[in-house]
Amino acid sequence: MNRRGASRRQFLLGAAGGSGLLTTPAASVPGIRTDHAIRWTFDAGTNTTVYPPHRADGRVFTVGRERGSNELPTHAVYALDERSGNVLWERTVDDRPIVPQVADGVVYLDGNDWLRALDATDGSQQWRREQERGRSNTVVADDAVFSVGRRAVSALDPDTGEPRWTADVAGGDVVTAPVLDSERIYVGGRDGISALDRDGGDERWRASIRGDLQSLAVRNGVVVGVSAERVRGVGATDGSRRWTARLDATNVAPATTVIGDDAVYVWGDPAVAIDIGTGETRWTADSAGTGLEPVAEPGNLLADAGVYATVTDGEFVARDAATGRERWRFDTEQAHSYWGAVTDGLAYVVDETGMRVFDAATGRERWALDSGDPTLWAETAGDLAFAGTYDGSLYAIVRPSPVASAPIATVGRALASPVGLGLAGLGGAGLLAAGYRRLARERPADDDAIEFGRLERLGGGPVTETHLKRVRTPDGPALVAETRLTDDSYRSAFESAVERWADLDADGVLPIRASGSDPSPWFETPYCPAGSLADSWPVGHSARVEAASATARALHAAHREGVVHGRLAPRHVFLEAQDGTPTVRVGGWFLADALADARGDSDPYAPPETESADSDTRDGPDISGDVYRLGALAHHLLAGALPSAGSAPASVDSSRLDSTVATVLARALAPDPADRYDSALAFDDRFRWAALDR
């Protein structure tokens, strides 16, 4: 039976009103894990609702609310040991606290008409402050606790709860949670946005926006406000208008809006994506229902980002953030809008009998929690996931280990990225690297004691699955990556591509060491311990130049054998050493192109002629296309961003590059193939001279 309820935000806040869940990532991640496992279960009681927790300092803090009584409901705060789930302390509180926030050994509880601070060690109260009933939004920062009431903002001393300053907000009621940057605090009212000095509370500026603000965020120097009618971007320093976008969508509300890193997504009717930098509409899509509590999750280096939500009929839907294209959907069989979370390429979705974990890109189910009871919510915090059921159980679940990032990570969070090879979204080159280092340490001297065969599942895509495998060789045990086809409709294309790749013998090419077709087509490649450029980049400038240069030489060697890559991307460039000069091996030959339809993602390195020519008459990939991709890769490595592309020629970012290097890359990225370098080697000669030898 479906239990309908309020939105996820209303569930978290109860009657108190306030800001959303604040999640603290774990301080450390244990050894490599490739699947989920239940660590412990906490039972708060059959008639108790357990709220999403906050994890800090080896503890898990949560709030339980007893329901179903004729009297006022009882609320309790629990501190649980994160390793065992044992109750360290419990404190009953009056009123209705929302999800706790924890900082510097203090638990902050925002109630309906009070704010209190508890000692995280034993639950003793440090201070309590009465506040405006039902209207508080609190954000805990390093230097102060910022509490926002109906018409005023206060900065409180974390140790005493006493106000350091209080500032009235002009122009009507405050209706959004506060947003902070290093200098200012921003709040949204019924007629606009106010920016206050973080140190003293003085008003810096105020910008009017027609209609009640629903959501507010700061992104890359732009304050973004969303109302039911429009989205507006104003400058964070002075409130100057940057752009305004009118919304034609219906059902615009906080519960249907998410402000991502570079776009605002309103999952109304229709669904709309608006670019934060320009205010232009990126896409609109028939939403087939209002999307509740959407989440925007950025991708890794070149993997597509996604937007996820449950729609009003209880189906969970995943869309491509760049295009709005629907990737996949899942029927949760319940109408709860507070559905879960997306972290490290995994979507945690609650349903009528527990929680399911899906590959966020493909929708392939990775794991399931069968609690036997409708699950109200799911959240992640570092290496743990948490799920709370309708009947009062809190599950702590150990998550798979994220990819170990290099000192200069190319992503905001560690994602399992493709094994390389361009095989329809295979995850785990970085994980494979970390696993190799661990296995190398654990390898016993006696060969008879070594485990051979498949060791760990590394990931999978729409039509493939990859495992870490130990095999016997004349030189002793070796680790390989075994990739196997899972969709027989691609058998012919897969086998043909593997056969052609295996025949390619050229310097710098990742070789296929073995292949077969029983019971399904598969192949093995050597393991590259440092992962691919989709995991992390070399730290120094010269090492990045060498990586791009070695890739160019590998492509030139293949070109001399009459083979063009045609799909080069960072996930295909493997590094056998990250310290000093990297040894590069390039994979993905033939197979990346053969399975491109199954993968279905965008191709940011594609030369312009692949889009401008008619698909029925366009010639196949050629050397000039590979040269363009080399230029895009080099630009990405040295400038930290893709060259701007569109209907006009790709634009080299001269502000981030040496002028001579920019000139070299501009020729490689020329819109007319005839104007590019005539070979990968010619590009490499000019590129090395400009970037290293001058």
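Given the structure is predicted, the values throughout are model-derived calculations rather than measurements. (Residues numbered from 1 in each chain as written. Predicted model: local features only at pLDDT ≥ 70, side-chain atom pairs only at ≥ 80, totals over all residues. Heavy atoms only, no water.)

A.B. asks: Where do I start with the environment of Asp142 in this structure?
C.D. replies: Examined against the element boundaries, Asp142 turns out to sit in the loop between β11 (137–140) and β12 (145–148). It is 8.9 Å that separates the C-alpha atoms of Asp142 and Pro158, two residues lying 16 residues apart in sequence. (Helix = DSSP H or I, 4+ residues; strand = E, 2+ residues; numbered from the N terminus.)

A.B. asks: Help me out: how do you make sense of the sheet that holds strand β26 (residues 281–285) in this one?
C.D. replies: In sheet architecture, strand pairing relies on hydrogen bonds along the backbone and comes in two forms, parallel and antiparallel. The strand order across the open sheet built from 4 strands is β23-β24-β25-β26, with neighbouring strands paired in antiparallel fashion. Sheet topology places β23 (257–259) and β26 at the edges, where each strand pairs with a single neighbour. Here the average twist between neighbouring strands, direction ignored, is 10°. Two strands pair when backbone bridges link them, and strand β24 (residues 263–267) and strand β25 (residues 271–275) are joined in this way by 5 bridges, in the antiparallel orientation. Bridge pairing links Val266 to Val272 in β25. (Pairing = 2+ DSSP bridges. Axes fitted to C-alpha atoms, helices over the stretch in contact; angles between N-to-C directions.)

A.B. asks: Which parts of the structure should I look at to understand a negative patch on the surface?
C.D. replies: Taken together, the side chains of Asp57, Asp104, Asp142 and Asp159 present a region of like negative charge at the surface. We classify Asp142 as exposed; its relative accessible area is 74%. (Patch = residues over 30% accessible without salt bridge, like charges linked within 9 Å, V, L, I, M, F, W, Y side chains within 5 Å. Areas by Shrake-Rupley, 256 points an atom, 1.4 Å probe, with all protein chains shown as cover. Salt bridge = Lys/Arg side-chain N within 4 Å of Asp/Glu carboxyl O. Lys, Arg positive; Asp, Glu negative; His and termini not counted. Charge placed at Lys NZ, Arg CZ, Asp CG, Glu CD. Buried < 20%, exposed > 50% of the residue type's maximum accessible area, 1.4 Å probe, protein only.)

A.B. asks: Sorry, what's going on with the pairing of β24 here?
C.D. replies: Looking along a regular strand, one sees the side chains alternate between the two faces of the sheet. Of all the 5 residues making up β24, 5 are buried; the element is thus mostly covered by neighbouring parts of the structure. Side chains of β24 alternate between two faces, with Ala263, Tyr265 and Trp267 and Val264 and Val266 buried alike. Relative to β24, β23 runs antiparallel, the two sharing 3 bridges. Paired with Ile259 across the two strands is Val264, which belongs to β24. What sits between β23 and β24 in their antiparallel hairpin is a turn of 3 residues.

A.B. asks: Sorry, what's going on with the pattern of salt bridges here?
C.D. replies: Pairing between side chains of opposite charge can happen when the charged atoms of each approach one another. One pass over the full model with this rule turns up 29 salt bridges. The salt bridge involving Asp181 is made with Arg184; its shortest N-O contact spans 3.6 Å. According to the relative accessible area criterion, Asp181 is buried, its value standing at 19%. The shortest N-O distance in the salt bridge between Glu482 and Arg454 comes to 3.0 Å. Within this pair, whereas Glu482 is found in strand β40 (residues 476–485), its partner Arg454 is found in strand β38 (residues 453–460), the two being separated by 28 residues in sequence.

A.B. asks: What is the right way to read the packing of helix α8 (residues 623–639) against helix α9 (residues 659–668) from this model?
C.D. replies: In a pair of packed helices, the angle between the axes and the distance between the axes together describe the arrangement. Taken N-terminus to C-terminus, the directions of α8 and α9 make an angle of 145°; their axes are 8 Å apart at the nearest point. Taken as a pair, α8 and α9 cross one another with a handedness that is left-handed. Residue-level inspection shows Val627, Tyr628, Gly631, Ala634, His635 and Leu638 of α8 in contact with α9, the latter providing Val661, Leu665 and Ala668. Class assignment for the residues of the contact of α8 with α9 results in 7 nonpolar, 2 polar and no charged. (Left-handed = near helix turned anticlockwise from the far one by under 90°. Contact = heavy atoms within 4.5 Å. Nonpolar A, V, L, I, M, F, W, Y, C, P; charged D, E, K, R; others polar.)

A.B. asks: Explanation requested: the sheet that holds strand β1 (residues 37–43) in the structure shown.
C.D. replies: Strands sit in the order β1-β37-β36-β35 across an open sheet of 4 strands; the sheet is antiparallel. Each of the sheet's edge strands pairs with one partner strand only, and the pair in question is β1 and β35 (375–381). For this sheet the average axis-to-axis angle between neighbouring strands, irrespective of direction, equals 20°.

A.B. asks: Help me out: how do you make sense of the nonpolar core in this one?
C.D. replies: Generally speaking, a soluble globular protein has its nonpolar side chains buried in company with each other. Trp501, Trp589, Leu591, Leu657, Leu665, Phe683 and Phe687 are the most contacted members of the largest nonpolar core, which totals 61 residues. Every element with two or more residues in this core is listed here: α3 (491–502), α4 (541–560), β43 (573–575), β44 (584–586), α8, α9 and α10 (680–693). Contacts of Phe683, omitting those with residues within four sequence positions, involve Ala552, Leu630, Gly631, Ala634, Val664, Leu665, Ala668 and Tyr677. Ala76, Leu80, Tyr338 and Ala396 belong to the second-largest nonpolar core, a separate cluster that totals 17 residues. (Core = buried A, V, L, I, M, F, W, Y, C linked by side-chain atoms within 4.5 Å.)

A.B. asks: Would you mind going over the side chain of Asp119 with me for this structure?
C.D. replies: Turning to its location among the elements, Asp119 is positioned in strand β9 (residues 114–119). The buried charged residue Asp119 lacks any salt bridge partner; its closest oppositely charged side chain belongs to Arg59, at an N-O distance of 7.3 Å. Within polar-contact distance, the side chain of Asp119 engages the backbone nitrogen of Thr121 at 2.7 Å. In this structure Asp119 touches Trp89, Gly105, Ser124 and Gln126, once residues within four positions along its chain are discounted. (Polar contact = N/O pair within 3.5 Å; in protein donor to acceptor, adjacent residues only side chain to side chain.)

A.B. asks: Sorry if this is basic, but what is going on with the packing of α4 against α8 here?
C.D. replies: For the pair α4 and α8, interaxial distance at closest approach is 9 Å and the crossing angle is 170°. Regarding the angle of α4 to α8, the classification is roughly antiparallel. Seen from α4, the contacting residues are His541, Arg544, Val545, Ala548, Thr551, Ala552, Leu555 and His559; seen from α8, they are Ile623, Asp626, Leu630, Leu633, Ala634, Leu637 and Leu638. Residue composition of the contact of α4 with α8, grouped by class: 10 nonpolar, 3 polar and 2 charged. (Parallel < 35°, antiparallel > 145°, perpendicular 65-115°, else oblique.)

A.B. asks: Teacher, can you tell me more about unusual backbone geometry here?
C.D. replies: Where the residue is not glycine, phi is negative for most of them; where a peptide bond is considered, it is trans in most cases. For the bond running from Asp518 to Pro519, omega is -5°, close enough to zero to count as cis. Here Asn220, not a glycine, exhibits a phi torsion of approximately 50°, which is positive. A relative accessible area of 73% places Asn220 in the exposed class.

A.B. asks: Explain the packing of aromatic side chains to me, please; I cannot follow it from the model alone.
C.D. replies: Each pair of aromatic rings is reported with the distance of its centres and the angle of its planes. Under the counting rule described, the total for this entry stands at 15 aromatic pairs. Considering the side-chain rings of Phe494 and Phe523, the 5.9 Å spacing of their centres and the 40° angle between planes classify their relative orientation as tilted. In this pair, Phe494 is assigned in helix α3 and Phe523 in strand β42 (residues 522–526), connecting sequence segments 29 residues apart. Looking at Phe523, the relative accessible area reads 0%, which means it is buried. Feature note: the residues Tyr308, Phe316, Trp328, Phe330 and Phe358 constitute an aromatic cluster, connected by ring pairs. Taking the ring centre of Trp114 as reference, the NZ or CZ of Arg116 above it sits at 4.3 Å. If you follow Arg686 out to its NZ or CZ, it ends over the ring of Trp689, 4.6 Å from the centre. (Phe/Tyr/Trp six-rings, centres within 6.5 Å; stacked < 30°, edge-to-face > 60°. Lys NZ or Arg CZ within 6 Å of the ring centre and 35° of its normal.)

A.B. asks: Would you mind showing me how to read the environment of Pro97 here?
C.D. replies: Within the secondary structure, Pro97 sits in the loop between β6 (87–93) and β7 (101–103). By relative accessible area, which is 4% here, Pro97 ends up buried. Placed 20 residues apart in sequence, Pro97 and Val77 show a C-alpha to C-alpha distance of 8.7 Å. Apart from the residues lying within four places of it in its own chain, the contact partners of Pro97 are Val63, His75, Leu109, Asp110, Gly111 and Trp114.

A.B. asks: Could you clarify how one ought to interpret the pairing of β40 in this entry?
C.D. replies: Of all 10 residues making up β40, 7 are buried, and the element is well covered by its neighbours. Note that strand β39 (residues 464–473) and β40 share 10 bridges and pair antiparallel. Across the sheet, Thr473 pairs through a bridge with Gly476, a residue of β40. Pairing geometry for β40 and β42, over 5 bridges, is antiparallel. Among the inter-strand pairings, Glu482 is bridged to a residue of β42, identified as Glu524.

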